[in-house]
Amino acid sequence: MQRIVVLAGGIGGARFLRGLKRAAPEADITVVGNTGDDIHLFGLKVCPDLDTVMYTLGGGIDEEQGWGRADETFQVKSELAAYGVGPEWFGLGDRDFATHIVRTQMLGAGYPLSAVTEALCDRWKPGVRLLPMSDDRVETHVAVEVDGERRAVHFQEYWVKLRASVDAHAVVPVGADQAKPAPGVLEAIAEADVVLFPPSNPVVSIGTILAVPGIREAIAEAGVPVVGLSPIVGNAPVRGMADKVLAAIGVEATAAAVAQHYGSGLLDGWLVDTVDAGAVDEVEAAGIRCRAVPLMMTDADATAEMARAALELAEEVRG
C-alpha cells in the first residue's frame, strides 16, 4: 500500500485531498494540517484549516464557499452581536460552534490537540489520518500598516477582517520555533513513499508547517520524492492572498519563484499550470524536476488528474 504524506492548509489543500483520494483510493494518506491559522474566539479554540479538511473529506463542507458547514445558520452569532460581543467579522455558524465547543472542552480536560482531532474525525470519517502539525500553540501574525500605524494582527484578522487589502510587511508564525511536531508527524514522514505539497499557500499554510522544528528536516532526510503543485497560475494566486504574503518575504508571485523558495534541497518535483509552461526550464535549472499540466481544480475529475500527475512525477523522480 502506498503511503502518502500531504502538508495541507485549508480550502486548496482540502479540495486537492479529495482528488488525491479519488486518484489513489487504496493509498494510506496522512495529512499534516496547518494550525497557524488557529484562533481563540468567544472562549473557544477554532482550528479553521483542520476543520476545513475534516468537513470537506467528511461531506459536511459548504461547497460554495469552501469553508464552514453546509446548511448553516447563524443564530448564536446574531445573539452574541445583540449582547455587543465580538468580533462580528468572523462568521462562526451554529453547527460549527458545536465542533469548537467539543474541541475546547477536550483541550480543557487535558487532551492534546492531536487526540482531540482524532476524536472529532471519528464522527466525520475523512478517510485520511489527519494530524495537526503540532500540539503546541502557534499563531501566524502579519505586520501591517493601518492609518499610518504599524502593528501586528492575527492572520485571521488580516485575511477575514481586512481582506488582505493592505500590504503585509512581515509574516511571523509566533511560537513555531518553540513548538514540537505532533505525535505521529515525524513517523509518518519517515515511513512515507511520497510527500506532496498541494496548491496551498506557501507562506501561511505550508510555510508555517515547515517552520515547526524537525518537520522540514524530516522531509529533506526522508529519501522519498517530494512533489509540489503551484498555487500560482499566470503570476497570480488561484485564490487567497498568496501574492501579498509572498511579497512580505521577498518572493515573486510566480510559479518558478515559489519552487525556488522551497528549494531543491526540499523539493524534487514541481507541477506548474500549462499557462506557465515557460517556467519549466527555469525550475529545472534550479535542480527541481518540473512539468506543466492543468492545475485548476474545476471539478472532481480535474482535481484527481492533478493528483495523478503529482504521483506520476514522483515516480519519475524516483527513477
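Quick caveat: nothing in here was measured; it's all calculated off a predicted structure.

Asks: Mind showing me how you'd approach the packing of helix 2 (residues 48-58) against helix 5 (residues 113-124) here?
Replies: Helix-helix packing is described using two parameters, namely the angle between the two axes and the distance between the axes. The contact between helix 2 and helix 5 brings their axes to 10 Å, and the two run at 20 degrees. Compared by their axis directions, helix 2 and helix 5 come out roughly parallel. When the axes of helix 2 and helix 5 are compared, the crossing they make is right-handed. Contact residues: Leu-50, Met-54, Tyr-55 and Gly-58 in helix 2; Leu-113, Thr-117, Leu-120, Cys-121 and Trp-124 in helix 5. Among the residues forming the contact of helix 2 with helix 5, the class breakdown is seven nonpolar, two polar and no charged.

Asks: Sorry if this is basic, but what is going on with the packing of aromatic side chains here?
Replies: Each pair of aromatic rings is reported with the distance of its centres and the angle of its planes. All chains considered together, the criterion is met by five aromatic pairs. With a centroid separation of 5.9 Å and 45 degrees between ring planes, the pair formed by Phe-42 and Phe-97 is classed as tilted. Separated by 55 residues along the polypeptide, Phe-42 in the loop between strand 3 (39-41) and strand 4 (44-46) and Phe-97 in helix 4 (residues 94-108) bring together distant segments of the chain. Assessed through its relative accessible area of 25%, Phe-42 is described here as partly exposed. With a relative accessible area of 6%, Phe-97 lands in the buried category. Relative to Trp-124, the ring of Tyr-55 lies with its centre 5.2 Å away and its plane at 70 degrees, an arrangement referred to as edge-to-face.

Asks: How do you make sense of the nonpolar core when you look at a structure like this?
Replies: Generally speaking, nonpolar side chains in soluble globular proteins are found buried as a group. Ranked by size, the top nonpolar core spans 58 residues in total, and within it Leu-7, Tyr-158, Phe-197, Ile-219 and Trp-270 carry the most contacts. Leave out the neighbours within four places in its chain, and Tyr-158 touches Val-142, Val-144, Val-153, Arg-163, Ala-164, Val-166, Asp-167, Ala-168, Met-241, Lys-244 and Val-245. Residues Val-31, Leu-113, Trp-124 and Leu-313 belong to the second largest nonpolar core, which totals 42 residues.

Asks: I would appreciate a short explanation of the sheet that holds strand 12 (residues 289-292) in the present structure.
Replies: Within a beta sheet, neighbouring strands are joined by backbone hydrogen bonds and run either parallel or antiparallel to one another. Sheet architecture is open: seven strands sit in the order 5-2-1-9-10-11-12, paired in parallel fashion. The outermost strands of the open sheet, each flanked by one partner alone, are strand 5 (129-132) and strand 12. Looking at each pair of strands side by side, their axes are set apart by 20 degrees on average, direction ignored. Pairing of strand 11 (residues 269-272) with strand 12, which is carried by four bridges, proceeds in the parallel orientation.

Asks: What exactly am I supposed to notice about the side chain of Thr-303 here?
Replies: Along the chain, Thr-303 falls in helix 13 (residues 300-318). Using a relative accessible area of 5% as the deciding quantity, one classes Thr-303 as buried. Contact partners of Thr-303, with chain neighbours within four places excluded, come to Arg-15, Phe-16, Gly-19 and Met-297.

Asks: What is the right way to look at the layout of surface pockets in this model?
Replies: By rolling a water-sized probe across the atoms, one finds the places where empty space is left. Within this model, the largest pocket holds a volume of roughly 1,100 Å³. Considering the residues around the largest pocket, the lining is formed by 42 residues, among which Gly-10, Ile-11, Trp-67, Trp-159 and Arg-239 are closest to the centre. When contributions to the lining of the largest pocket are tallied by element, the ones reaching two or more residues are helix 1 (11-23), helix 2, helix 4 and helix 6 (155-161). Examining the composition of the lining of the largest pocket, we find that five residues originate from one element, helix 2, more than from any other. Looking at the lining of the largest pocket, its residues break down into 20 nonpolar, 15 polar and seven charged. Estimates place the volume of the second largest pocket at around 170 Å³. Along the wall of the second largest pocket there are 14 residues; nearest its centre are Pro-202, Val-203, Gly-207, Thr-208 and His-261. For the lining of the second largest pocket, the secondary structure elements donating two or more residues are strand 8 (170-174), helix 8 (206-210) and helix 11 (255-262). The greatest single-element share of the lining of the second largest pocket, amounting to three residues, is contributed by helix 8. Its residues assigned to classes, the lining of the second largest pocket shows nine nonpolar, four polar and one charged.

Asks: So what exactly am I meant to see when it comes to the sheet that holds strand 6 (residues 139-146) here?
Replies: Strand order in this open sheet of three strands is 7-6-8, and the pairing throughout is antiparallel. Strands at the two margins of the open sheet, each flanked by one partner only, are strand 7 (149-154) and strand 8. Sheet twist, expressed as the average angle between the axes of neighbouring strands with direction ignored, equals 30 degrees. Strand direction decides the pairing type here: strand 6 and strand 7, joined by six bridges, are antiparallel.

About the thresholds
Residues numbered from 1 in each chain as written. Predicted model: local features only at pLDDT ≥ 70, side-chain atom pairs only at ≥ 80, totals over all residues. Heavy atoms only, no water. Axes fitted to C-alpha atoms, helices over the stretch in contact; angles between N-to-C directions. Helix = DSSP H or I, 4+ residues; strand = E, 2+ residues; numbered from the N terminus. Parallel < 35°, antiparallel > 145°, perpendicular 65-115°, else oblique. Left-handed = near helix turned anticlockwise from the far one by under 90°. Contact = heavy atoms within 4.5 Å. Nonpolar A, V, L, I, M, F, W, Y, C, P; charged D, E, K, R; others polar. Phe/Tyr/Trp six-rings, centres within 6.5 Å; stacked < 30°, edge-to-face > 60°. Buried < 20%, exposed > 50% of the residue type's maximum accessible area, 1.4 Å probe, protein only. Core = buried A, V, L, I, M, F, W, Y, C linked by side-chain atoms within 4.5 Å. Pairing = 2+ DSSP bridges. 1 Å grid on protein atoms, 1.4 Å probe; cavity = no way out; pocket = protein on both sides within 12 Å on 5 of 7 lines; lining within 4 Å. Points joined across faces, edges and corners; volume = space filled by probe spheres on them.

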